[in-house]
Amino acid sequence: MKIVIITPTYNERANIEKMIPVLENDIFPEIKNHTLLLLIVDDKSPDGTADAVRNFMKKWSNIELLTGEKQGLGFAYVRGMKYAMEQMNADAVMEFDADFQHDPHDIPRLIQAIDEGADYVIGSRYVSGGSIPKEWGLDRKFLSVFGSLFTRIAWLNFSIHDTTSGFKLTKTSFLKRVDLDHLLSKNFAYKMQILHDVVKLKAKVKEVPIIFYERENGKSKIHVKDQFESFYVVLRLAVLDRKRFVKFLLVGGTGFVLQFLTIYAFILLGIKQFIAAMIGGEIAILWNFIANNMWTFRDTKLIKEQGSFLKRLVKFNVASLASIGVQGLVVYIAVNIFGEKMKIFGLSLHTSIVILVPAIILLVIPMNYLIYNRVIWKTHHLKSNF
Ligand code: GDD
Ligand code: MN
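Conventions adopted
- Residues numbered from 1 in each chain as written.
- Chains lettered and ligands numbered in written order.
- Predicted model: local features only at pLDDT ≥ 70, side-chain atom pairs only at ≥ 80, totals over all residues.
- Heavy atoms only, no water.
- Salt bridge = Lys/Arg side-chain N within 4 Å of Asp/Glu carboxyl O.
- Axes fitted to C-alpha atoms, helices over the stretch in contact; angles between N-to-C directions.
- Helix = DSSP H or I, 4+ residues; strand = E, 2+ residues; numbered from the N terminus.
- Parallel < 35°, antiparallel > 145°, perpendicular 65-115°, else oblique.
- Left-handed = near helix turned anticlockwise from the far one by under 90°.
- Nonpolar A, V, L, I, M, F, W, Y, C, P; charged D, E, K, R; others polar.
- Core = buried A, V, L, I, M, F, W, Y, C linked by side-chain atoms within 4.5 Å.
- Buried < 20%, exposed > 50% of the residue type's maximum accessible area, 1.4 Å probe, protein only.
- Contact = heavy atoms within 4.5 Å.
- Near = heavy atom within 4 Å.
- Polar contact = N/O pair within 3.5 Å; in protein donor to acceptor, adjacent residues only side chain to side chain.
- Areas by Shrake-Rupley, 256 points an atom, 1.4 Å probe, with all protein chains shown as cover.

### Focus: the pattern of salt bridges
Argument step 1. Under the definition given, this model contains 13 salt bridges.
Argument step 2. Its salt-bridge partner being R109, residue D106 comes within 2.9 Å of it at the nearest N-O pair.
Argument step 3. Beyond isolated ion pairs, a larger network of salt bridges with shared partners links E12, D99, R215 and K221.

### So, the packing of helix α9 (residues 243-268) against helix α10 (residues 273-296)
Argument step 1. Relative to each other, α9 and α10 sit at 155°, their axes nearing to 8 Å. The angle between the axes of α9 and α10 places the two elements in the roughly antiparallel class. When the axes of α9 and α10 are compared, the crossing they make is right-handed.
Argument step 2. Looking at the contact of α9 with α10 residue by residue, the class counts come to 15 nonpolar, 11 polar and 2 charged.

### What to know about the nonpolar core
Argument step 1. Ranked by size, the top nonpolar core spans 39 residues in total, and within it V4, I6 and L180 carry the most contacts.
Argument step 2. Listed by contribution, the elements that provide at least two residues to this core are β1 (2-9), β2 (35-42), α3 (73-86), β5 (120-124), α6 (172-175), α7 (190-200) and α8 (224-241).
Argument step 3. Ranked by the residues each element gives to this core, the list is headed by α3, at 7 residues.
Argument step 4. Excluding residues within four positions of it along the chain, L180 makes contact with V78, M81, K82, M85, L175 and I194.
Argument step 5. If you look at the next biggest cluster of nonpolar residues, it comprises 35 residues, including M19, I20, F56 and F96.

### A few points about the site of ligand 1
Argument step 1. Every one of the 27 residues lining ligand 1 counts as a neighbour, but E12, D97, Q101, T164 and K221 are closest to it.
Argument step 2. Side-chain polar atom of D43 to a nitrogen atom of ligand 1: 2.7 Å apart, as the coordinates give it.
Argument step 3. In the model, an oxygen atom of ligand 1 is placed 3.5 Å from a nitrogen or oxygen of the R140 side chain.
Argument step 4. Protein contacts shield 97% of the accessible area of ligand 1, which totals 750 Å² for the unbound molecule.
Argument step 5. When its residues are assigned to classes, the shell around ligand 1 shows 10 nonpolar, 7 polar and 10 charged.

### A word on unusual backbone geometry
Argument step 1. Its identity is not glycine, yet K44 carries a phi of approximately 45°, on the positive side.
Argument step 2. Note on placement: K44 falls in the loop between β2 and α2 (49-59).
Argument step 3. In this model, L156 sits at a positive phi of 50°, which is unusual for a non-glycine residue.
Argument step 4. Examined against the element boundaries, L156 turns out to sit in the loop between α5 (138-154) and β6 (168-171).
Argument step 5. Judged by relative accessible area, which is 60%, L156 ranks as exposed.

All we've got here are geometric facts, nothing functional implied.
Rendered as structure tokens:
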């Protein structure tokens, strides 16, 4: 594989002068089964970082230099990634800092993870064996730990422990499918979005423990506004992801209203109550099916395995019966345990009413959503979900 190590630099002359010889003399020769190239993305650093790189380029031919205006870390990486994919034909790209906070000696272990089948490797500080600098103040430690926790909760993805690490190795077969031109952030938060997108593309993610060292030379370029921006990007992506779920809830909610209006109308027309209730139930089912089919899940239309409209409608009715069955079962069990009526906040209420509220929220809604996604509309056949 051709692996391009992308290192963005801004005023890192002292660091890059130490880093390039370490990479070329100690690290690259260790990795025998891949071709390693180094791409420095320098934003016209006033300290002459680019000149230092140019000097090394005379000695080693696997180094390239991209220069540009300073427009943020994410912007620099996007430029580097596109160049690596389009001009250098990279099979994988590594995001690697110049300041020795990422230990170059960890590079072979990240590459090994790719050899073992991973598509996206994270140098992780929050898996066993990894760590953040003990010299860090409590505030930075807290932000870092909390940042990862926040992301995991917002995205409902607990399989990844370090969501803000800047040390990554990504197969370009996945990176090519990420829309690098429309990332929400040009700064540090770019990496939250790439992580988010490759996970959605079903990349195999592997976290490799790293010790994240304290910076020795030069200054960090991260600002408080970058932390806020990261929170914003994480939340924004979470909301975009939940769009389908929000539509599903709206359809279900209007269906519920429709059901009661129908029952009431038929009763007014003099139809027997139990028949009115059944008609109301079926109207709600039809409404849910049609609205979800045309709106919530319209993007699944082109999938072949979807089956005909009629087949799905029948399946949908069966699934709805199952959900009624579950509700009946929950009420049956609850009545057996608590009796016909329950005391809640001093009020005596019918057990079915009390129990159905949490049961619908915690059981029926997730269950229906899962069945719709997996059985009726099969969203997992979609290449990606955005
Ligand atoms: N070209 C370019 N342009 N390079 C930049 C820019 C920029 O605008 N901003 C930063 N860099 C370079 C730095 O010169 C350094 O090589 C690397 O990007 C990382 O920047 P630092 O300023 O050292 O970042 P940090 O140490 O605060 O943050 C690191 O750790 C975070 C996790 O705590 C990075 O790896 C982050 O990506 C990571 O989230
Ligand atoms: Mn750093």
